[in-house]
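# Topology and contacts: notes
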Amino acid sequence: MTPNNLQPHLGFGLGLRSEHYLDLIENRHPIDWLEILSENYMIAGGKPLYYLDRICERYPVVMHGVSLSIGSVDSLNENYLKDLKKLAQRVKPKWISDHLCWTGTQGINLHDLMPLPYTEEALTHLVTRIRQVQDFLGQRVLLENVSSYLTYQHSTISEWEFLRAVAQEADCLILLDINNIHVSAHNHDFDPLIYLEAMPADRIQQIHLAGHLNKGDYSIDTHDHEIIDSVWDLYAESVRRFGHISTMIERDDDIPPLTTLLTELQKARTISAGVLTQHQTAISA
Ligand SMILES: [Fe+2]
């Protein structure tokens, strides 16, 4: 597999939430694609799968997981991977993503996306496991940078150097969460532009945008607020650097009506178009 196999730009999407099932099925909305939470549909039957099938008839869909635990020292969970592949056969997603993290050990799922130590040992461990997952699924996966609230004393490189090395050595793709960069930059006092600077543009397949909670000394990645201006600014900078990237908004709590999220999504379109127009003007001047 070579890096130039990036999927086409899907446009501007939203995370699929059950509150919006009917509205999305019954009405046409300016949404180019939807991201589903894989684990919500890795079940034998029931209403979620019924609605999912209807959604897949109407919108391009990508799959996003939270339980791969690619960084764990436990063996890869074969049953999880089989269920994930089975869901992919049903959904036929444009791509499959999860997080660069670990979520548990000794079979216990902490239901939290824990950061990794950024060491050579962790890198080697991850690369082997990502390749195994990609071989099993028969496609590249996207891994997302998580927001974090702690760092490890024995990390030897930065998060951005680590993510870049993982993507290149495992030949996987990146789901770049702009809000997570902003939250972690606040919590660990680094310049978010350095993070963007280090990203390999030819491996960024998707962008996440979301709101968070600023508690003063630190920020929490809550996904229950509107996107703040400094995250929009960072998004504009990412479009400037990486061009057209499939972009979506994640909202997981205090979920507003679809029309509210569509207004926010329109802002992403406007910012992206503005940056790209400026870029074109600069080239032709
Ligand atoms: Fe995200």
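Structure: above.
First, a word on what this report is: a plain description of the structure on this page. Bear in mind the structure is a predicted one, so any value in this text is a computation, not a measurement. (Residues numbered from 1 in each chain as written. Predicted model: local features only at pLDDT ≥ 70, side-chain atom pairs only at ≥ 80, totals over all residues. Heavy atoms only, no water.)

## Some remarks on the coordination of the iron ion
Heads up, the condition is: Nitrogen, oxygen and sulfur within 2.8 Å of a metal are treated as its donors, or within 3.2 Å for sodium, potassium and calcium (Na, K, Ca); water is not counted, so a site can appear incomplete. A four-donor site is called tetrahedral if each angle lies between 85 and 135 degrees; a four-donor site is square planar, and a six-donor site octahedral, when trans pairs exceed 155 degrees and the remaining angles lie between 65 and 115; all other cases are labelled irregular. Strands are runs of DSSP state E lasting at least two residues, helices are runs of H or I lasting at least four, and both sets are numbered from the N terminus onward. When accessible area is computed with a 1.4 Å probe and restricted to protein chains, residues below 20% of their type maximum are described as buried, those above 50% as exposed, and intermediate ones as partly exposed.
Each protein donor to the iron ion is listed here as Glu144 (OE), Asp177 (OD), His208 (ND1) and Glu250 (OE); together their distances run 2.0 to 2.3 Å. For the iron ion, the 4 donor atoms in the first shell make angles of 87 to 177° at the metal, a pattern classed as irregular. For the iron ion, the donor residues sit on a single chain with the sequence spacing E-x32-D-x30-H-x41-E. Note that glutamate 144 is positioned in strand E7 (residues 141-144) and histidine 208 in strand E9 (residues 204-209), a separation of 64 residues in sequence. Neither glutamate 144 nor histidine 208 differs from the other in exposure class; each is buried.

## Regarding the sheet that holds strand E8 (residues 173-177)
Rule in force here: Strands are labelled as partners when DSSP assigns at least two bridges between them. Axis angles are defined between N-to-C directions and span 0 to 180 degrees, where every axis is a line fitted to C-alpha atoms and, for a helix, only to the segment in contact.
Taken in spatial order, the 8 strands close into a barrel running E1-E2-E3-E4-E7-E8-E9-E12, and their pairing is parallel. Going from strand to strand, the sheet's axes swing by 30° on average, the running direction of each strand aside. Note: strand E2 (residues 33-37) against strand E3 (residues 61-64), 4 bridges, orientation parallel. Each residue of the ladder has a partner; that of glutamate 35, found in E3, is valine 62.

## Looking at the nonpolar core
Our working rule: Buried Ala, Val, Leu, Ile, Met, Phe, Trp, Tyr and Cys residues that are joined via side-chain atoms within 4.5 Å together make up what is termed a nonpolar core. The contact criterion used is simple: two residues touch if any of their non-hydrogen atoms lie within 4.5 Å.
One finds Leu176 and Leu209 to be the most contacted residues of the largest nonpolar core, which totals 78 residues. If we skip the residues at most four places from it in the chain, leucine 176 touches Asn145, Ile181, Tyr195, Leu196, Met199, Ile204, Gln206, Ile207, His208 and Phe242. Grouped together as the second largest cluster of nonpolar side chains are 8 residues, Leu10, Trp33, Val62 and Trp95 included.

## A few points about empty space enclosed by the protein
Note the following rule: Only protein atoms enter the 1 Å grid, on which a cavity is a set of points fitting a 1.4 Å probe that cannot get out and a pocket is an open set with protein on both sides within 12 Å along at least 5 of 7 lines, lining residues being those with an atom within 4 Å of a point. Grid points are joined across faces, edges and corners, and a volume is the space filled by probe spheres set on the points. Here the term charged refers only to Asp, Glu, Lys and Arg, the term nonpolar to Ala, Val, Leu, Ile, Met, Phe, Trp, Tyr, Cys and Pro, and the term polar to all other amino acids, Gly among them.
Throughout the structure, instances matching the rule amount to 2 cavities of 30 Å³ or more. What lines the largest cavity is Leu68, Leu84, Ile96, Ser97, Asp98, Val133, Leu137 and Val141. Taken together, the elements giving at least two residues each to the lining of the largest cavity come down to strand E4 (96-99) and helix H4 (120-137). Looking at which element gives the most residues to the lining of the largest cavity, the answer is E4, with 3 residues. Classifying every residue of the lining of the largest cavity by side-chain character gives 6 nonpolar, 1 polar and 1 charged. Lining the second largest cavity we find Leu100, Tyr118, Glu144, Asn145, Val146, Glu159, Leu163 and Tyr195. Each residue belonging to the lining of the second largest cavity can be placed in one class, and the counts come to 5 nonpolar, 1 polar and 2 charged.

## A look at the side chain of histidine 99
Under the convention used in this document: By the criterion applied in these results, polar contacts are pairs of N or O atoms within 3.5 Å in which, for protein atoms, one can donate a hydrogen and the other can accept it, and in which residues neighboring in sequence qualify only through two side-chain atoms.
Along the chain, histidine 99 falls in strand E4. Within the local environment of histidine 99, its side chain forms a polar contact with the side chain of aspartate 98, the two groups lying 3.5 Å apart. Here the side chain of histidine 99 touches glutamate 144 through a polar contact of 3.1 Å, side chain to side chain. Those residues within four positions of histidine 99 in sequence are excluded, and the remaining contacts are His64, Gly65, Val66, Ile70, Leu113, Leu143, Glu144 and Val146.

## Comments concerning the layout of surface pockets
As a volume, the largest pocket reaches approximately 770 Å³. Along the wall of the largest pocket there are 33 residues; nearest its centre are Val66, His111, Leu113, His223 and Asp252. Elements with a contribution of two residues or more to the lining of the largest pocket: E2 and strand E6 (108-114). Looking at the lining of the largest pocket, its residues break down into 11 nonpolar, 13 polar and 9 charged.

## With respect to the pairing of E3
Going by this rule: For the handedness criterion, the strands are oriented away from the viewer, and a crossover whose path from the first strand over the helix to the second runs clockwise is classed as right-handed.
Neither face of E3 is open: one carries Val61 and Met63, the other Val62 and His64, and all of them are buried. The parallel pair E2 and E3, bridged by helix H2 (residues 47-58), forms a crossover whose chirality is right-handed. Bridge analysis of E3 against E4 gives 2 bridges, and the strand direction is parallel. Counterpart to histidine 64 in the pairing with E4 is serine 97. Crossover E3 to E4 through helix H3 (residues 78-91) is right-handed.

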